[in-house]
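Structure at a glance
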Amino acid sequence: MALRAAVLRHIQVPVQTLTATGSKPLPRWSLGASLRLFSSHDDHLTKEEVIDRVLDVVKSFPKVDPSKVTPDVHFQKDLGLDSLDNVEIVMALEEEFKLEIPDKEADNIDSCNLAIEYIYNHPMAG
Amino acid sequence: MSGATTAAYLARRAAQKERVRILYRRALKDTLNWAVHRHLFYQDASDLREKFEANRHVEDLDTIDKLVAAGEATYDKWRHPDPYIVPWAPGGSKFTRNPVPPSGIEIVYDYGRENND
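Keep in mind that this is a model prediction, so the values were computed, not measured.

Quick notes on the rules
Residues numbered from 1 in each chain as written. Chains lettered and ligands numbered in written order. Predicted model: local features only at pLDDT ≥ 70, side-chain atom pairs only at ≥ 80, totals over all residues. Heavy atoms only, no water. Contact = heavy atoms within 4.5 Å. Buried area = accessible area lost by both parts, 1.4 Å probe. Salt bridge = Lys/Arg side-chain N within 4 Å of Asp/Glu carboxyl O. Helix = DSSP H or I, 4+ residues; strand = E, 2+ residues; numbered from the N terminus. Buried < 20%, exposed > 50% of the residue type's maximum accessible area, 1.4 Å probe, protein only. Patch = residues over 30% accessible without salt bridge, like charges linked within 9 Å, V, L, I, M, F, W, Y side chains within 5 Å. Areas by Shrake-Rupley, 256 points an atom, 1.4 Å probe, with all protein chains shown as cover. Lys, Arg positive; Asp, Glu negative; His and termini not counted. Charge placed at Lys NZ, Arg CZ, Asp CG, Glu CD. Axes fitted to C-alpha atoms, helices over the stretch in contact; angles between N-to-C directions. Parallel < 35°, antiparallel > 145°, perpendicular 65-115°, else oblique. Left-handed = near helix turned anticlockwise from the far one by under 90°. Nonpolar A, V, L, I, M, F, W, Y, C, P; charged D, E, K, R; others polar. Arc of directions from axis to C-beta. Phe/Tyr/Trp six-rings, centres within 6.5 Å; stacked < 30°, edge-to-face > 60°.

1. What to know about the interface of chain A and chain B
Opposite the 27 residues of chain A that make contact, chain B presents 24 residues. With both chains or domains summed, chain A and chain B bury close to 2200 Å², and 54% of this area falls on carbon and sulfur atoms. When the buried area of chain A at its contact with chain B is split by residue, A:Leu84, A:Met91 and A:Asp103 rank highest and sum to 26% of it. Counting the contacts that link chain A with chain B gives twelve salt bridges. A salt bridge links A:Glu95 to B:Arg38, with the shortest nitrogen-to-oxygen separation between them at 2.7 Å.

2. What about the pattern of salt bridges?
For the structure shown, the criterion picks out 23 salt bridges over all chains. Of the charged contacts, one joins A:Lys47 and A:Glu117 as a salt bridge, the two residues approaching to 3.4 Å between their closest N and O atoms. Placement of the pair is A:Lys47 in helix H2 (residues 47-59) and A:Glu117 in helix H5 (residues 112-121), with a sequence separation of 70 residues. Here A:Asp85 and B:Arg49 are joined by a salt bridge, their closest N and O atoms 2.6 Å apart. One end of the pair, A:Asp85, is in helix H3 (residues 83-97); the other, B:Arg49, is in helix H2 (residues 38-54), on a second chain. There is no split in this pair, since A:Asp85 and B:Arg49 are both buried. A single salt-bridge network, built from bridges that share partners, covers A:Lys63, A:Asp82, A:Asp85, A:Glu88, B:Arg49, B:Glu53 and B:Arg56.

3. A word on a negative patch on the surface
All names here are of chain A. A cluster of acidic side chains, namely Glu48, Glu49, Asp52 and Asp56, defines a negative patch on the protein surface. Mapped onto the elements, Glu49 comes out in helix H2. Among the residues examined, Glu49 registers a relative accessible area of 38% and is labelled partly exposed.

4. Let's talk about the packing of H3(A) against H2(B)
Running from N to C, H3(A) and H2(B) point in directions that differ by 155°, and their axes come no closer than 12 Å. Accordingly, the angle class assigned to the pair H3(A) and H2(B) is roughly antiparallel. In this structure, H3(A) meets H2(B) at a crossing whose hand is right-handed. Only B:Arg38, B:Arg49, B:Phe52 and B:Glu53 of H2(B) make contact with H3(A), whose side of the interface consists of A:Leu84, A:Asp85, A:Glu88 and A:Glu95. Residues that form the contact of H3(A) with H2(B) fall into these classes: two nonpolar, no polar and six charged.

5. Focus: H5(A)
All names here are of chain A. Here H5 has its buried residues at Cys112, Ala115, Ile116, Tyr118 and Ile119. When H5 is viewed along its axis, its buried side chains cluster within an angular range of 165° and face the same direction. Along its buried surface, H5 packs onto H2, H3 and helix H4 (103-108).

6. Topic: the packing of aromatic side chains
All names here are of chain B. Applying the stated rule across the entire model yields three aromatic pairs over all chains. On the basis of an interplanar angle of 65° and a centroid distance of 5.0 Å, the ring pair of Tyr24 and Phe52 is categorised as edge-to-face. Of this pair, Tyr24 sits in helix H1 (residues 7-34) while Phe52 sits in helix H2, and the two are 28 residues apart along the sequence. Classification of Tyr24 by relative accessible area gives buried; the value is 0%. A relative accessible area of 18% places Phe52 in the buried class. Ring geometry for Phe41 and Tyr42: centres 5.9 Å apart, planes at 40°, overall tilted.

Purely spatial values, then, with no claim about function.
Rendered as C-alpha cells:
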C-alpha cells in the first residue's frame, strides 16, 4: 500500500501553481508597431502600402499627369492644381482609406508627403 | 478696391479662401450623401464645381463675403438628414460601441476551474 502510494506519487505530474493572471504569459511581439494584442485592429498599414495607394489615388485624378507624381509632390506647386482640386484629392483619399479627416486638418494637407504622414499616423486607417 | 496688398487685405482674402475651401468640402460630401450612385455623383460634383468656378475671378471683398454667405445658406438648406459618417467617427454607428476597458481590469482564464482541487 505504501509502495503503491510512493509509486503513484512518483508518477503524478506535479501541479503548477498558477499565478493570479491564469495561464502562461503570452509571447510578446518585439517587432511591429502595435503591442495591443487583444484589439481587433492589429493590422496597421505598412508605409509602402500607404505610399502606393496614395499615389494611385493621385494618379487616377483626371487633371493630373501620372508621370509627374512622386511621393513628395506638392499638389498646387508641382502638379499645377487648384485649391478646390486639393479639396477633391483629400476627399478621394478619405474615401480610399475610409477615414474621417476634420475640416481644419484636411485644409492643411497640401502635398503627397503630408498626406502619407497623416494617413500612416492615423490609427484607424483602413 | 481696398488698398493695394496690405496685410489686412491679404489676411481677409486668406480667411475667405479658407471659408470657400471648407464650404466646397462640405458641399461635396453632402453631394455624395444625396447622389449615392457614382455616375450621378460625378455629374452633380461637376455642376457644383462649375458654380464655384463661375465666381472665381471676383475681386471685391464684400461681394466675395456675400457670395460665401449665400453659398453657406444654400448648403444649410440642402444638408442631408442622415449623412454617411465613417463608423468609428463621432456620429457614426460604431462610435464608443466598444470602449477601451479601464486599466486595472484583467481577464482570468481559469475556464471554470474550482479551488477545491
